[in-house]
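Results of the structural survey
Take a look at the letters that make up each chain.
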Amino acid sequence: MEFSELVRVAYSRLKAINSPLLKKSEVFCMAPWIQLYAQTNGKVAPCCMSTIYGGNELGDLKENSDLRDSWNSENMKQLRLNMLNGKKSTLCTHCYDYEKVGKFSERMQYNKDFKRYYSRVTGTLKDGEIKDKSIPLIDIRFSNKCNYKCRICDSVYSSLWYDEEQKIGKTPGLPSTKIMNVSGDETHFWESYEHLLPEVKRLHFAGGEPLIMDDHYRALEYLISIGKADVTLSYNTNFSTLKYKKYDLISLWNKFKRVDVWASLDGMGAKGDYQRKGQQWKKIEENIRQIQRQCPTVFFGVNVTVSIFNILDIPEFYQYMVDSKLVLPDKMNLYLLFDPPYFNITNLTLPLKEKVTSKLKKFETDYLSSLTNNANINNHLNAVITFMKSEQGHKQNEFRHWVTEVDKLRNEKFLSIFPELEEMMVIV
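Let me begin by describing the structure that accompanies this report. These numbers were taken from a predicted model, which means no experiment stands behind them.

**Points about the overall build of the chain**
Helix and strand counts for the chain come out as 19 helices and 13 strands. Relative to its length of 428 residues, the chain is compact, with a C-alpha radius of gyration of 22 Å against a globular reference of 22 Å. Overall, the chain is about 60 × 50 × 45 Å in size when its C-alpha atoms are taken along their principal axes. Here the analysis covers contacts within the chain between residues at least 6 apart in sequence; of these, 75% occur between residues at least 24 apart. Carbon together with sulfur atoms contributes 52% to the accessible area of the chain, which is approximately 18900 Å² in total.

This is the structure in structure tokens:
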């Protein structure tokens with residue numbers, strides 16, 4: 001790091017230490033000052049947790065494919081002003097919901113990890129614009145191309161879901177086509193994207209499945225061609241493959257200083273493979289072991305989306321991953337599933353909720369208490385219980401309907417895999 005950059009970072013941290021925005025605000029987040037994110041449908045927001053409704057997006061790459069124009073768009077400037085003035089924003093509802101149940105939210109994480117950029121906040125102009133046009137963090141979901149069709153997903157994020165949705169009349173969360181591309185003008189988009197890469201600090205990839213996307217490899221090759229090996233690469237991936245066409249990921253990743261891989265894994269064995277259709281659990285384990293042996297630049301973690309399907313199996317899954325040394329105890333996160341609503345855990349029956357609570361509390365006492373670095377998973381488990389009990393959902397019939405419809409298409413039997421959830425299949 002150059003001396004001038006060291007001075008800037010030191011000054012930002014000094015200013016941030018006593019900032020009431022970072023210490024006390026319930027709405028302020030560093031993300032709009034440091035990051036751009038784009039969904040598979042081209043809608044731009046500050047981060048992947050954003051809840052995008054019609055008109056609140058920061059930009060639309062289908063209409064204007066230049067990323068740079070979203071950086072100081074009217075909606076982006078207003079979002080910054082809202083945060084500075086303590087006003088909530090519709091984009092940020094997921095973080096508000098997480099914090100209601102006591103979970104350490106993405107908003108909190110951004111404020112903890114990126115306070116070194118606080119000078120951008122203090123330099124915000126009266127209309128919400130910031131003069132610095134460099135964007136340290138970029139997260140673009142190039143496409144919905146995917147080799148899985150997870151039960152909790154839809155065609156907005158997985159191309160494989162599209163045909164099944166047509167057959168059973170399942171409407172995705174957002175309008176979709178079988179193959180979605182993030183921009184309306186690929187040439188214009190890539191010109192703006194590559195223009196930003198020389199100054200990027202962290203480049204995030206997700207999807208769809210980024211490891212089978214040509215655009216992902218185009219980005220890596222461009223970074224290598226300009227000598228940008230100091231960037232942190234970051235991923236949300238199903239981690240199903242380490243090779244794609246002519247590309248060997250381990251060879252590519254070893255050219256970069258740091259690679260953060262967050263594998264989206266909701267379970268192991270038959271239960272995991274049912275939830276994430278396309279997953280082969282043995283292959284996942286092989287891939288993890290391979291990067292542990294051959295790729296020292298990779299920092300590996302696991303993101304679990306907690307739903308009705310896996311809530312009772314979280315203890316066994318966590319313990320297996322940690323005891324098998326597939327993941328470090330503090331590198332396994334639990335994310336609450338909000339949508340589709342009929343799969344979220346508020347819809348569990350009261351007896352099942354009590355069973356879940358008892359099992360998770362026993363797990364904390366019998367296993368987690370023996371771990372030295374258990375604060376992260378304890379926070380997540382307590383948030384899971386609080387959210388589960390926050391209301392009594394009434395979408396059991398929808399749960400039963402969509403499980404049954406997809407089972408018929410895929411020739412699968414839910415109760416043969418999850419007999420402990422039999423009461424969820426009872427008509428009410």
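There's more to say after this.
**A few points about the pattern of salt bridges**
Evaluated as defined, the whole model comprises 30 salt bridges. Of the charged contacts, one joins Arg68 and Asp66 as a salt bridge, the two residues approaching to 2.9 Å between their closest N and O atoms. Classification of Asp66 as buried rests on a relative accessible area of 8%. Between Lys77 and Glu74 there is a salt bridge, with its nearest N and O atoms 3.1 Å apart. Highlighted residues: Lys77 and Glu74, both in helix α5 (residues 74–84), separated by 3 residues, approximately one helical turn. Note on Glu74: relative accessible area 58%, which makes it exposed. Taken together, the salt bridges that share partners define one network made up of Arg151, Lys277, Asp407 and Glu412.

**Notes on the packing of aromatic side chains**
The final tally for this structure, using the stated rule, is 33 aromatic pairs. On the basis of an interplanar angle of 75° and a centroid distance of 6.1 Å, the ring pair of Phe309 and Phe414 is categorised as edge-to-face. Remark: Phe414 occurs in helix α19 (residues 414–417) and Phe309 occurs in the loop between β12 (298–306) and α15 (314–323); sequence separation between them is 105 residues. The pair formed by Phe309 and Phe414 is uniform in burial state, with each residue classed as buried. Judged by centre distance (5.7 Å) and plane angle (85°), the ring pair of Phe343 and Phe399 falls under edge-to-face. Of this pair, Phe343 sits in the loop between β13 (332–336) and α16 (350–366) while Phe399 sits in helix α18 (residues 396–410), and the two are 56 residues apart along the sequence. The pair formed by Phe343 and Phe399 is uniform in burial state, with each residue classed as buried. Aromatic ring contacts, followed pair by pair, group Tyr274, Phe309, Tyr342, Phe343, Phe399, Trp402, Phe414 and Phe418 into a single cluster. The side chain of Arg258 reaches across the aromatic face of Phe299, ending 3.8 Å from its centre.

**A few points about the sheet that holds strand β2 (residues 43–45)**
Taken in spatial order, the 9 strands line up as β3-β2-β1-β4-β6-β7-β10-β12-β13 in an open sheet, and their pairing is mixed. Among the strands making up the open sheet, the edge pair consists of β3 (59–60) and β13. As paired elements, strand β1 (residues 35–38) and strand β4 (residues 137–140) share 4 bridges and run parallel to each other. Counterpart to Ala38 in the pairing with β4 is Ile140. Its contacts with the sheet place helix α10 (residues 186–196) against β4 and β6 (202–205), and it is angled at close to 150° to β4.

Rules used throughout
- Residues numbered from 1 in each chain as written.
- Predicted model: local features only at pLDDT ≥ 70, side-chain atom pairs only at ≥ 80, totals over all residues.
- Heavy atoms only, no water.
- Helix = DSSP H or I, 4+ residues; strand = E, 2+ residues; numbered from the N terminus.
- Rg over C-alpha atoms; globule rule 2.2 N^0.38 Å.
- Contact = heavy atoms within 4.5 Å.
- Areas by Shrake-Rupley, 256 points an atom, 1.4 Å probe, with all protein chains shown as cover.
- Salt bridge = Lys/Arg side-chain N within 4 Å of Asp/Glu carboxyl O.
- Buried < 20%, exposed > 50% of the residue type's maximum accessible area, 1.4 Å probe, protein only.
- Phe/Tyr/Trp six-rings, centres within 6.5 Å; stacked < 30°, edge-to-face > 60°.
- Lys NZ or Arg CZ within 6 Å of the ring centre and 35° of its normal.
- Pairing = 2+ DSSP bridges.
- Axes fitted to C-alpha atoms, helices over the stretch in contact; angles between N-to-C directions.

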